[in-house]
Each structure stands twice: as structure tokens, then as C-alpha cells.
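Each chain, letter by letter, is given below.
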Protein chains: 2
Amino acid sequence: MRCLTFIMIAAMELGGTKTVVAVGGSNGTLVDEFRFPTTSPQETLMRAVEWFTEKGAPEAIGIAAFGPVRIDPKAADWGTLLATPKPGWNGFSITSFLRDAFPAARITLETDVNAACLAEARIGAAEGLENVAYITIGTGIGAGILCDGRLLHGALHPEFGHIRVPRKKGDDFAGICPFHADCLEGMASGPAIEKRWGKPAQELPVDHPAWETEAWYLAHGIIGLLAISPPQRVVIGGGVSLAEGLHEKTNTLVRELAGGYFPAVNESTYVVPPKLGQQAGIRGALMLTLTNFQPAPHPPRH
Amino acid sequence: MRCLTFIMIAAMELGGTKTVVAVGGSNGTLVDEFRFPTTSPQETLMRAVEWFTEKGAPEAIGIAAFGPVRIDPKAADWGTLLATPKPGWNGFSITSFLRDAFPAARITLETDVNAACLAEARIGAAEGLENVAYITIGTGIGAGILCDGRLLHGALHPEFGHIRVPRKKGDDFAGICPFHADCLEGMASGPAIEKRWGKPAQELPVDHPAWETEAWYLAHGIIGLLAISPPQRVVIGGGVSLAEGLHEKTNTLVRELAGGYFPAVNESTYVVPPKLGQQAGIRGALMLTLTNFQPAPHPPRH
């Protein structure tokens, strides 16, 4: 006689404007999910806890969070949101709140982009590859990076949107990043596109020069990835990436810029759209419970 | 009664112009070393084998090699030099040669810059840190990157010198990289400095504008590292780095460019010179035998 045991795996994707909670499998299979607006920290987390509690008692919780957030499990302030401009969230500990609610649960935390990168690399557009970058372009620009089969952290975590890139010839747009003006995010995020061209990205036609400009900045950022944490494939998602032809334009420019130098680039599918769409983050959060679990040496309890 | 066993640990740093062989400890302690010019592959490797044989039979060999070289131990052509312009070396397998000479030895291979990075991070200028970049500026520019305590590889290995960086205002130097013209290496390597200013770097006085220009390009490359594989400290070595004040100038510019955004940068010792000097590579190669050993699933024998 065989005895099967099921454990409840929960996940939360905490975004700047919306939160997703789910239960499912550590292979990324979604069993049930619930989406609601992100409000105050207490209200948002309480809503997540109540939803999880209805489903049972989670034994593992994977969290994909917006940042900046302390994801180093050895740090005393593990799970705490850092200098975020989002009111009320600065200094709030996501992991403490969940640990108080579910003391027996194993908690794993990653950045939202790292979770999405993991999902695209395991079951999405870069399935089976160990070196993958997932770039998202929306109100900001960020990247999750899988290198040698591990999600990169380093000091805090990557902030890909703030890489400096050469200006496109004749481009005199000042850039909109409050810290750096013309970093990649300052030149190519959704709000940068709108400010530069006077219209939001989704209203710009496919033959608008905006898209050659956008591909230029993205391609130079990708050359940075190739020079530092060489991906075998780059997945670009986020609202702005829905523009028709943007991946192909960027792919062509990356190949031109590579100049035959980076062998990984020699194919037409180097830059691709995501396969999991809006679900990459939450499915990656489920996967964190298996693939990237690290115990917290300093349980950050009140 | 206790029985102590000593094993012989050997290392080789294979450079474009000189080769270093050594025996010592896996903690980086050098017991003996020998330096000689790099000539043909067979002659160079035979000389290394003969020197090792005089010392005994190595049980572990750490290799730090110039590139591009296949460092993925799962690849069929592990240990093979790839598209190098160095005559005779393209397609030569360093690991096959050493495995034939010492079939019982465990062989570990890394890029020369990754080995140097490891040594500086363990016993050098970034001792005890888990997130370190080691940049070398000489005839080319390269970087070894330790991120989350692991040396980064990705697809092949990083080629930091070929990152694209914004031009300094008013700088109309075309750049000398045969692949990309004005990538970091094309703008800031030793030969680039000589071509731009008409004198080799070591003849340019400390107050020459060359050094503000050099710091500009290096600082922008370092912002790329901060955005992708955030180091806690950056060590800059290589011939060009011997210029007085270059590290301080670069440090100041990195802080300015960071704009308060990257918390790792908030100290005056973010960009530092190496502590191990010329010995970083060979001492790192010794350390590879302990810290980074990976067996080769496909012994690449003839």
C-alpha cells in the first residue's frame, strides 16, 4: 500500500498596482488564483493571508515582489521593502507578515522579474536554457537574470533599467529618470516613450520612428547583458513589448551590434516575446518553493 | 596514530604573451613558480608538463586561460580555445593535453580574469566579499565576475570589454575595436589610449586629460556591472591601472553616475587597485582546485 501526501503550495506576486495570489504546484502549475489591487501593506497582505487560509494551511510560500527589496536570506532585514517611493511600503517586511500568519510555512522570496525569468526559462519562451534574461518594459524597465542556472542577486539585486546606453544619433531627448535622466529606463520606458512622442506607446503605429528608437536602446542594454552575464536567449515582456515587430527589430539590431562577436546571438530567435504572458510572475513564484528555496537564518519576527 | 597525506596541487596561468606555472596550496599559497614566454601550444604546454613532472605528479591542476575558451565542463569541446587570433591556438585543447600527460589529475579551468577575481575576493583587495568584479585594462579590457559567491559564466563567458558605453561629451575618437569600434575596449584599452593621445599610457602625466577620459569610460562600464551583477567592490588591475589616481577618479565618477541609486557604491573604497598584483591569476588558479572544482563529464581525449 502506498501513501500519498499532498502539501499546499502558495504563491504571491506583489506588484506596484496589483497583487496576485495562487495555489498550485512547484512545477508552476496554477490550481487557483485571485487578483486584487495593491493598496496599503497591511490591507494587501491581510487579503492574501485570508485567501490562503480559505484554501488550507500553506506549507511553502513563494513570493515575487516589486523592489527594491532585501532578498538576501542571510540579511537581518530579509523580506523588507527598501527605498520605494510607494507610500507606506518603505521598511515594511513582507516575510515577517507572512511568517506571523503561517509560522510553519517555508518562505522563499525573489524579485518579480527574477520569478518571471525562472518561469520563462523552465516552462516558457526559453524552456530548458540555463542562461536567460527576462526584460520587462512598462512604467519602468527591469530584468530578471538566470546565469549558470541560478538567479542573479549580487549586492541587493540587478537594476537593469539603470544601465547607461549610448544615445541614438540625433536623439536629443533628455530622458525622464529622476536619478540618471538618460539611463535605459529614462530613455525607453513607457512614460519615456509617451513624453518623447506625445502619445502613449499603444497609440504609436508600427511604422512610427518610435520603434526604431526603442529597439536601439533595448539592443544596447542587451549588449550589456551579453558582456556581463551572457544569456542564451532574451525574453522581453511588459506592456510596451506588445508593440508589433519590436522583438524582431531588437533582434536585428542586437545581431548588428554584436558584429559576429558573441556566438550566442547567431540566430533569429535570440530576442523573443514571453510565452507565459501575465502569468510568468505568479507561476515563477510557485516554482520558487522548489527550485530556489533558502531558509532564513534570521527569522525576522516582531 | 594520525596519518597525514599531502597531495600535489599545480596551477597554470596561460596568458597571451607569458605563461606561469606553480605548485602550492588550494588556499592560494604559492610554494614555487616558474614564468616563461607563451609560444606555440605544444611547446608551451610541454614546458609546463615538464616543470610539473619535476615537482612530482599533480593530483589537481587549476588552469587560468586567456580566451575565448570553452569553460563549460559539460561541453564536448571543454578546454578548447575558440576563435582566437593567436596563431596556432584556435581549436587547441589545453585540458586534453594536460589530461594525456596526467591522467589521474583533476583538472579545473577558468578564464584568467575569473581566476584573478577569485583570488582578489578571497585573499586580496575584496577579501571576504561574495560579489566582486575584477577588471583588467591592458592590451584589451576584460572582467572576472564573482556574483553570489560564484564565478559567472553564462553562454561561453563574460566579455566585459565589449560593452557599449556613452561617449564623453566632445570625444570624437573613432575607437579601435575591430568588431565594434567604440565599445569600452575600443575606447579605453592601452592601445586605444596610445592611438588617441599619440603616447603610451605610461608616458601620460597624472594631470593629462587622458585620465579623466579613461575614468569616464571605466565608470560607465562599472554602472553596467551595477545594473546587471551588482558587485560590492570593483578591483581594477592591469598595466593601464598603474596610473596614479585612476582608481580615485573612477570611484568619484561612479558615485556621481550612481546618483544615490545603487547602495553598494556609497563608500570611497568602491573602486580599488588589486592587492595581489601580478600574482592574482596564478594564485586564483591554485584556488580553483578547491573552490570551483567540476568534473568533466566528457573527458576530451584524443
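Since this is a predicted model, take the numbers as computed values, not measurements.

1. Notes on the nonpolar core
One finds A:Ile135 and B:Ile135 to be the most contacted residues of the largest nonpolar core, which totals 94 residues. The leading source of residues in this core is helix α6 (residues 210–228) of chain A, at 13 residues.

2. Focus: the relation of the copies chain B and chain A
Of the transformation superimposing chain B on chain A, the axial component is 0.0 Å and the angular component is 180°, with the fit at an RMSD of 0.0 Å. This pairing of chains is accounted for by a two-fold axis. Measuring from the rotation axis to each C-alpha of chain B, the shortest distance belongs to B:Pro166, at 2.0 Å. The residues that chain B uses at the interface reappear at the interface of chain A in 100% of cases, marking a shared surface.

3. Some points on the domain arrangement of chain A
Residues and elements named next belong to chain A. Here chain A is described as being made up of domain 1 (8–114 + 279–293) and domain 2 (125–274). Look at where the C-alpha atoms of domain 1 and domain 2 centre, and you get two points 27 Å apart. Counting residues at the interface gives 11 residues for domain 1, matched by 12 residues for domain 2. Summed over both sides, the interface between domain 1 and domain 2 buries roughly 850 Å², with carbon and sulfur atoms accounting for 66% of that surface. It is Ile71, Val113 and Asn114 in domain 1 that bury the most area against domain 2; as a group they hold 57% of the surface buried on that side. Seen at the junction of domain 1 and domain 2, the total is 0 salt bridges. For the pair domain 1 and domain 2, the number of links is 4 residue pairs in polar contact (both at pLDDT 80 or more). If you list the elements that add at least two residues to the side of domain 1 that touches domain 2, you get β5 (106–111) and α3 (112–123). Looking at the side of domain 1 that touches domain 2 residue by residue, the class counts come to 6 nonpolar, 3 polar and 2 charged.

4. Topic: the interface of chain B and chain A
On the chain A side, the residues contacting the 40 residues of chain B number 40 residues. Here chain B packs against chain A, burying approximately 3100 Å² in sum over the two surfaces, 67% of which is carbon and sulfur. For chain B, the biggest contributors to the area lost against chain A are B:Arg164, B:Ile228 and B:Tyr261; these three give 24% of the whole. Where chain B touches chain A, the interface holds 0 salt bridges.

Thresholds applied
Residues numbered from 1 in each chain as written. Chains lettered and ligands numbered in written order. Predicted model: local features only at pLDDT ≥ 70, side-chain atom pairs only at ≥ 80, totals over all residues. Heavy atoms only, no water. Core = buried A, V, L, I, M, F, W, Y, C linked by side-chain atoms within 4.5 Å. Buried < 20%, exposed > 50% of the residue type's maximum accessible area, 1.4 Å probe, protein only. Helix = DSSP H or I, 4+ residues; strand = E, 2+ residues; numbered from the N terminus. Least-squares fit on C-alpha atoms with pLDDT ≥ 70 in both. Contact = heavy atoms within 4.5 Å. Domains from an automatic or database assignment. Buried area = accessible area lost by both parts, 1.4 Å probe. Salt bridge = Lys/Arg side-chain N within 4 Å of Asp/Glu carboxyl O. Polar contact = N/O pair within 3.5 Å; in protein donor to acceptor, adjacent residues only side chain to side chain. Nonpolar A, V, L, I, M, F, W, Y, C, P; charged D, E, K, R; others polar.

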